[in-house]
Amino acid sequence: MSLFVRVYRDRTAAFVVTITNDAGTTVTFNSGDNFRVKIGYAGQTPILDLESDAASSNGSSVGASNPSTIVLKEGDADLLTPGPYDIEASITDSDGIKAGDKGVLYVHDMMAGGVD
Amino acid sequence: MSNTIIPEARVRLALGLTDTISDLERVLVALAHRKAESAIKNHIYYDPIQREVTEFYSAQDGEFLQLRRIPVRSITSVYVDSDGHFGQYPGAFAAGTLWEAGVEYWLETEQANYGGAGQLIAASAAWPNTPGSIKVTYRAGYARREFLGMATSSGVESDGEIYTAGVDAGALAAAVELTAVKAFHTLYAFSKKRGAGFAPGGYTSETLGAYRYTLAGGAASATGMSIAVPAEAADMLEAYINYGALLA
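Read on for an overview of the structure. Remember, predicted model here, so these are calculated numbers, not experimental data.

**Thoughts on the overall build of chain B**
Consideration 1: Of regular secondary structure, chain B possesses six helices and ten strands.
Consideration 2: Counting all 248 residues of chain B, 44% fall into the buried class.
Consideration 3: Residue pairs in contact within chain B that sit at least 24 positions apart in sequence constitute 66% of those at least 6 positions apart.
Consideration 4: About 11,900 Å² of surface is accessible on chain B, with carbon and sulfur atoms providing 54% of the total.

**Description of the interface of chain A and chain B**
Consideration 1: Listed by partner, the interface residues are 20 residues for chain A and 19 residues for chain B.
Consideration 2: Between chain A and chain B, a total of about 1,700 Å² is buried, with carbon and sulfur atoms accounting for 56% of that surface.
Consideration 3: Across the contact surface, chain A and chain B share two salt bridges.
Consideration 4: For the salt bridge of Glu8(B) with Lys102(A), the shortest nitrogen-to-oxygen distance reads 3.5 Å.
Consideration 5: Counting every contact that joins chain A to chain B gives six residue pairs in polar contact (both at pLDDT 80 or more).
Consideration 6: The greatest single-element share of the side of chain A that touches chain B, amounting to five residues, is contributed by strand β8 (residues 96-108) of chain A.
Consideration 7: Looking at the side of chain A that touches chain B residue by residue, the class counts come to ten nonpolar, six polar and four charged.

**A look at the sheet that holds strand β6 (residues 68-72) of chain A**
Residue and element names in this part refer to chain A.
Consideration 1: Read from one edge of the open sheet, three strands run β2-β6-β5, paired in antiparallel fashion. Edge positions in the sheet fall to β2 (13-17) and β5 (61-62), since each of these pairs with one other strand and no more.
Consideration 2: Pairing geometry for β5 and β6, over two bridges, is antiparallel. Across the sheet, residue Ser61 finds its bridge partner in β6, namely Val71.

**Notes on the sheet that holds β8(A)**
Residue and element names in this part refer to chain A.
Consideration 1: Ordered by their spatial adjacency, five strands build an open sheet running β1-β8-β7-β3-β4, and the pairing between neighbours is mixed. In this open sheet, the two strands that pair with only one neighbour each are β1 (3-8) and β4 (48-51). Neighbouring strand axes in the sheet, compared pairwise and without regard to direction, differ in orientation by 25 degrees on average.
Consideration 2: Pairing geometry for strand β3 (residues 34-40) and β4, over four bridges, is antiparallel. Bridged to Lys38 within β4 is Asp49.

**Some details on the packing of aromatic side chains**
Residues and elements named next belong to chain B.
Consideration 1: Enumeration according to the criterion identifies eight aromatic pairs over all chains in this entry.
Consideration 2: Among the aromatic side chains, those forming a connected cluster through ring pairs are Phe56, Phe86 and Phe93.
Consideration 3: The ring of Tyr57 has Arg68 sitting right over it, with the charged end atom 4.2 Å from the ring centre.
Consideration 4: Directly above the aromatic system of Tyr163 lies the positively charged group of Arg145, at a separation of 4.1 Å from the ring centroid.

**Details of the pattern of salt bridges**
Consideration 1: Applying the stated rule across the entire model yields 14 salt bridges over all chains.
Consideration 2: A salt bridge links Arg36(A) to Asp49(A); its shortest N-O distance comes to 2.7 Å. Residue Arg36(A) is found in strand β3, and its partner Asp49(A) is found in strand β4; the two are separated by 13 residues along the sequence.
Consideration 3: Among the ionic pairs, Arg68(B) bridges to Glu55(B), the shortest N-O distance being 3.7 Å. Highlighted residues: Arg68(B) in the loop between β2 (64-66) and β3 (72-80) and Glu55(B) in strand β1 (residues 51-57), separated in sequence by 13 residues.
Consideration 4: Arg68(B) sits in the partly exposed class, given a relative accessible area of 30%.
Consideration 5: If you follow the salt bridges from partner to partner, you end up with Arg9(A), Asp78(A) and Asp109(A) in one network.

**Quick word on unusual backbone geometry**
Consideration 1: Omega for the bond connecting Asn66(A) with Pro67(A) falls within 30 degrees of zero, at 5 degrees, which places this linkage in the cis form.
Consideration 2: On the secondary structure map, Pro67(A) appears in the loop between β5 and β6.
Consideration 3: Even without a glycine there, the phi angle at Phe86(B) is positive, about 60 degrees.
Consideration 4: Among the secondary structure elements, Phe86(B) is positioned in the loop between β3 and β4 (105-107).
Consideration 5: For Phe86(B), a relative accessible area of 41% puts it in the partly exposed group.
Consideration 6: Positive phi is not limited to glycine here, since Phe93(B) has a value of about 50 degrees.
Consideration 7: For Phe93(B), the position within the fold is in the loop between β3 and β4.
Consideration 8: With a relative accessible area of 7%, Phe93(B) lands in the buried category.

About the cut-offs
- Residues numbered from 1 in each chain as written.
- Chains lettered and ligands numbered in written order.
- Predicted model: local features only at pLDDT ≥ 70, side-chain atom pairs only at ≥ 80, totals over all residues.
- Heavy atoms only, no water.
- Helix = DSSP H or I, 4+ residues; strand = E, 2+ residues; numbered from the N terminus.
- Buried < 20%, exposed > 50% of the residue type's maximum accessible area, 1.4 Å probe, protein only.
- Contact = heavy atoms within 4.5 Å.
- Areas by Shrake-Rupley, 256 points an atom, 1.4 Å probe, with all protein chains shown as cover.
- Buried area = accessible area lost by both parts, 1.4 Å probe.
- Salt bridge = Lys/Arg side-chain N within 4 Å of Asp/Glu carboxyl O.
- Polar contact = N/O pair within 3.5 Å; in protein donor to acceptor, adjacent residues only side chain to side chain.
- Nonpolar A, V, L, I, M, F, W, Y, C, P; charged D, E, K, R; others polar.
- Pairing = 2+ DSSP bridges.
- Axes fitted to C-alpha atoms, helices over the stretch in contact; angles between N-to-C directions.
- Phe/Tyr/Trp six-rings, centres within 6.5 Å; stacked < 30°, edge-to-face > 60°.
- Lys NZ or Arg CZ within 6 Å of the ring centre and 35° of its normal.

Function cannot be inferred from these measures alone, as they are strictly geometric.
Here you go:
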């Protein structure tokens, strides 16, 4: 299992992320858990750090379930210079990270101007 | 500011390891990526990831002072103190030893926030030659969007990273990618699971009649795991090598 997501600069995108355990079984998301998605370069502060507990200041959201639907709003998509990024997804609870996965997110460049 | 020239994701993309990837492949990608980053930094004689550093120098060649990292994006401060002793002497590099930019020294620049040569020029026509008597704090290296070849405008990122329109370090990043791909294939081919009928190591003997060869084992075989910069990558890196660092 692996994460592979393509999005477009300055365009809203929605994609589904499923976190599984080593046996390939979907991890159970319990009440109070927090589904987190980080986008950036491994080893440094993420450019985007999204979570199901609260939407980002640009309105991006992470569904509180597993599989989770991630909605990346154009304001956040515009923070990513076109190119490849590491994407990390995890479910955390009060004990820490319960399960996680790491993959590839690619941002395609787009023409100038938003789309209404 | 990045910790790597390219993200690991780029190596995975180049290898086609996106939708599915095994545990072994994950580890080999991570290892190959790190090996490639190190090999490239060694090849060009500096770390091209942009950050601010403080370094100590002594005079090298009259009015020119060659900095170890390029391209220089900004100079924070230059102190000159003959009793500086690499900052270890009590009271070294006091406020009175600060040199004024544009008056006592200049940074050689091709455009704003870009000094490709990495040279400071002293107005007095000579830097002091006492070891460790010059203390320079400066920002050098390429920005993330310059590694992507996407610097179409100039500005400063929220983390202080400076990018300049037209500065393109895409070939440097491509060299890391190429080296990492080669490193991955080398590691993969030499892994135990792929080793049936094939063993690493240098030749210890060779016979042409009824052709046969013998491979070295032990430490000699381990040398086969070292990662060289491929010739194509070396060509791409030519413009980025800091030959002046050999003086610094």
